[in-house]
Amino acid sequence: MTPALSDVEAVPPGSTIGIVGGGQLGRMLSIAAARLGYKCHIFDPHPWPCAADVAAHFVRADYDDRAALAAFADGVDVATYEFENLPVEPLEVLGDKLRPGLKSLAIAQDRAHEKEFIEQCGARVAPWRAVASLEDVRSAFAEFGTPLVLKSRRYGYDGKGQAWIRSADDAEAAWEAIGREPAIAETGVDFAAEFSVILARWADAGHVFWDSPENVHEGGILRRSTVPCGEPVAAQVAEARGAALAIAEALDHVGVLTVEFFAAADGPLVNEIAPRVHNSGHWTIEGAVTSQFEQHVRAICGLPPGLTGLMRGGAEMENLIGPEVERWPELVKQRGAHVHIYGKGEARPGRKMGHVTRVVR
Ligand code: AMP
């Protein structure tokens, strides 16, 4: 029988998926890929990243090591990345094998470009401006007032590279705290809740959404994600999905894309984009018919989408941050608690070491 065109184009099970980055997202992607019969090849500069424990191949090299990237490109059938703080240009050697493409990566790594791009897509963000000096910070404060948050343009995550300004006297300390780096100054949003839209998009523009989780952050780090979301968020999900899809289309994104939102009084405001699977989607492993990790593999390999509905009434995911992972003996005793431990070694404060998901009937 002649295979259909879509079958010919699919990257079939048995093929090798390259993953740039070997953290917990690469680990959970590798587990999902293995279930579908793929082999994963991890590219990461650390001696033994936690994804290497569960992947078929691991190469240790710097992210800008062009020779190592060229060899990696030759050895994989398709490639993806699991975090966005990567030098863009060396990854060009991966060509069309890289999904999502470099545009998604480049936009997400500079907060000022990201905000401009989001606004060009017709979505709304909190009032902001780029700052490059203490004078800029002071004039942003004069323009926007308090509270104001400074966020370094590059390499910020989990609340790192951020400093709040609550009075004019804080401006200098905040500028120092972020290391006098080019930054954005953004007004503090008085939100009812935070939530994310998680979608997967295919090269043929097909797409699916999961239920939007309501997210609680503490100290800039995700604490908990819950589905279904509460009423204030539910009322904003349709508009937020429209914004997230417009962003995905403008990027010609292939794979999972996560857009984080504030549920503000006048509607959803985009906080940031992650061009990848996301912590707020970990609940999908047990809580949805198809997890974000399996769906990402399906999308980048050109397999059809899996269903995204809830397995039961809902789910709650709680992160195990730093020494909280030591709670494992008690957690593994709890009936119905799905315990995930990433095998990352030292439990430094603020480091994501694992998570627990409870599926609600
Ligand atoms: P980010 O690194 O930008 O995702 O910020 C981490 C967390 O800090 C967010 O999830 C919010 O809880 C908080 N945050 C960041 N920006 C703002 C803002 N403009 N207004 C209020 N809270 C914010």
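Please refer to the structure placed before this passage.
Attention in this report is confined to the structure presented alongside it. None of these values were measured; they are calculated from a predicted model. Going along each chain's sequence as written, the residues are numbered from 1 onward. Local features in this predicted model are restricted to residues of pLDDT 70 or higher, and side-chain atom pairs are both shown and tallied only at a pLDDT of 80 or more, whereas totals for entire chains, interfaces and linings draw on every residue. Side-chain figures throughout are based on the complete set of non-hydrogen atoms in the structure, without hydrogens or water.

## Examining the overall build of the protein chain
Alright, step 1. Secondary structure elements follow DSSP: runs of H or I of four or more residues count as helices, runs of E of two or more count as strands, with numbering from the N terminus. When you go through the protein chain residue by residue, the secondary structure sums to 12 helices and 17 strands.
Alright, step 2. Its C-alpha atoms put the protein chain at 70 × 50 × 40 Å along the principal axes.
Alright, step 3. Here the protein chain, with 361 residues, has 53% of them falling under the buried criterion.
Alright, step 4. Accessible surface computed for the protein chain: about 15600 Å², of which carbon and sulfur atoms make up 52%.
Alright, step 5. Positive and negative charge centroids in the protein chain, built from 35 and 49 side chains respectively, lie 6 Å apart. Throughout this description, buried means an accessible area under 20% of the type-specific maximum (1.4 Å probe, protein chains only), exposed means over 50%, and partly exposed covers the range between. Note on areas: these come from Shrake-Rupley sampling with a 1.4 Å probe, and a residue is covered only by the protein chains present in the view. The sign given to each residue is positive for Lys and Arg and negative for Asp and Glu; His and the chain ends receive no count. Where a charge lies is defined by one atom per residue type, namely NZ (Lys), CZ (Arg), CG (Asp) and CD (Glu).

## Describing the site of the ligand
Alright, step 1. Here a residue is considered near a molecule or strand provided that any single heavy atom belonging to it is located within 4 Å of it. Around the ligand sit 17 residues in total, of which Gln-162, Glu-186, Val-189, Glu-194 and Glu-272 are the nearest.
Alright, step 2. Notes on the ligand: free accessible area 470 Å², of which the protein chains cover 92%.
Alright, step 3. At the level of secondary structure, the elements contributing two or more residues to the shell around the ligand comprise β6 (148–152), β7 (162–165), β8 (183–187) and β14 (267–274).
Alright, step 4. Lys, Arg, Asp and Glu make up the charged group, whereas Ala, Val, Leu, Ile, Met, Phe, Trp, Tyr, Cys and Pro make up the nonpolar group; the residues left over, Gly among them, are polar. By residue class, the composition of the shell around the ligand is 5 nonpolar, 7 polar and 5 charged.

## Topic: helix α5 (residues 111–120)
Alright, step 1. Along α5, the positions that sit buried rather than exposed are Arg-111, Ala-112, Glu-114, Lys-115, Phe-117 and Ile-118.
Alright, step 2. The N-cap residue of α5 is Asp-110: its side-chain oxygen and the backbone nitrogen of Ala-112 are 2.8 Å apart.
Alright, step 3. Note on α5: the residue one or two positions beyond its end, Gly-122, has a positive phi of about 90°. Throughout this description, a polar contact denotes any pair of N or O atoms lying within 3.5 Å of each other; where both atoms belong to protein, one of them has to be capable of donating a hydrogen while the other can accept it, and for residues adjacent in sequence the pair is counted only when both atoms sit in side chains.

## A word on the nonpolar core
Alright, step 1. The set of buried Ala, Val, Leu, Ile, Met, Phe, Trp, Tyr and Cys residues whose side-chain atoms join them within 4.5 Å is what this entry labels a nonpolar core. Judged by nonpolar contacts, the single largest core of 36 residues is most densely connected at Ile-17, Tyr-38, Trp-210, Trp-283, Phe-293, Val-297 and Cys-301.
Alright, step 2. At the level of secondary structure, the elements contributing two or more residues to this core comprise β1 (16–20), α2 (24–35), β2 (39–44), β9 (193–201), β12 (221–227), α11 (292–301) and β15 (314–321).
Alright, step 3. Ignoring sequence-local partners within four residues, the contact set of Cys-301 consists of Ala-10, Val-11, Ile-17, Tyr-38 and Val-78.
Alright, step 4. Counting 30 residues, the second largest nonpolar core, distinct from the first, contains Cys-121, Trp-128, Phe-209 and Leu-251. Throughout, a residue-residue contact means that at least one pair of heavy atoms, one from each residue, lies within 4.5 Å.

## Here's the deal with a nonpolar patch on the surface
Alright, step 1. Two distance rules govern patches: like charges are joined within 9 Å, and nonpolar side chains (Val, Leu, Ile, Met, Phe, Trp, Tyr) within 5 Å, applied only to residues with over 30% relative accessible area and no salt bridge. Note on definitions: salt bridges are taken to be side-chain nitrogens of Lys or Arg within 4 Å of carboxyl oxygens of Asp or Glu. Taken together, the side chains of Val-289, Leu-307 and Met-311 present a nonpolar region at the surface, about 310 Å² in accessible area.
Alright, step 2. As for its placement among the helices and strands, Leu-307 is situated in the loop between α11 and β15.
Alright, step 3. By relative accessible area, which is 63% here, Leu-307 ends up exposed.

## Re the sheet that holds β8
Alright, step 1. Pairing between strands requires that DSSP locate at least two bridges from one strand to the other. Within the open sheet, the 4 strands sit side by side as β5-β8-β6-β7. Their pairing is antiparallel. Both edges of this open sheet fall to β5 (128–131) and β7, since each of them pairs with a single strand only. If you compare each strand with its neighbour and ignore which way they point, the axes differ by 25° on average.
Alright, step 2. Alignment of β6 against β7, held across 4 bridges, turns out to be antiparallel. As a rule, the C-alpha atoms of each element are fitted with a line to give its axis, helices using only the stretch in contact, and angles between N-to-C directions run from 0 to 180 degrees.

## Digging into empty space enclosed by the protein
Alright, step 1. Points on a 1 Å grid over protein atoms alone make up a cavity when a 1.4 Å probe fits among them but cannot get out, and a pocket when they form an open set with protein on both sides within 12 Å along at least five of seven lines; lining residues each have an atom within 4 Å of a point. Grid points are joined across faces, edges and corners, and a volume is the space filled by probe spheres set on the points. In the structure shown here, the tally under the stated rule is 1 cavity of 30 Å³ or more.
Alright, step 2. By volume, the largest cavity amounts to about 30 Å³.
Alright, step 3. Every residue along the wall of the largest cavity is listed here: Ile-17, Ile-19, Leu-29, Ala-33, Cys-40, Thr-80, His-296, Val-297 and Ile-300.
Alright, step 4. Mapped onto the lining of the largest cavity, the elements with two or more residues apiece are β1, α2 and α11.
Alright, step 5. If one sorts the elements of the lining of the largest cavity by residue count, α11 sits on top with 3 residues.
Alright, step 6. Partitioning the lining of the largest cavity into residue classes produces 7 nonpolar, 2 polar and no charged.

## Here we look at the environment of Ala-33
Alright, step 1. Its place among the elements puts Ala-33 in helix α2.
Alright, step 2. Residues Ala-33 and Phe-293, spaced 260 residues apart in sequence, show a C-alpha to C-alpha distance of 7.9 Å.
Alright, step 3. Look past the residues within four positions of Ala-33 in its chain and what remains in contact with it is Ile-17, Tyr-38, Cys-40 and Val-297.

## Looking at unusual backbone geometry
Trans peptide bonds make up most of the peptide bonds, and negative phi angles are found at most residues other than glycine.
Alright, step 1. In this chain, Thr-146 is followed by Pro-147 through a cis amide linkage whose omega measures -5°.
Alright, step 2. In this chain, Val-227 is followed by Pro-228 through a cis amide linkage whose omega measures -10°.
Alright, step 3. Along the chain, Pro-228 falls in the loop between β12 and α8 (231–234).
Alright, step 4. One non-glycine residue with positive phi stands out, namely Arg-180, at about 50°.

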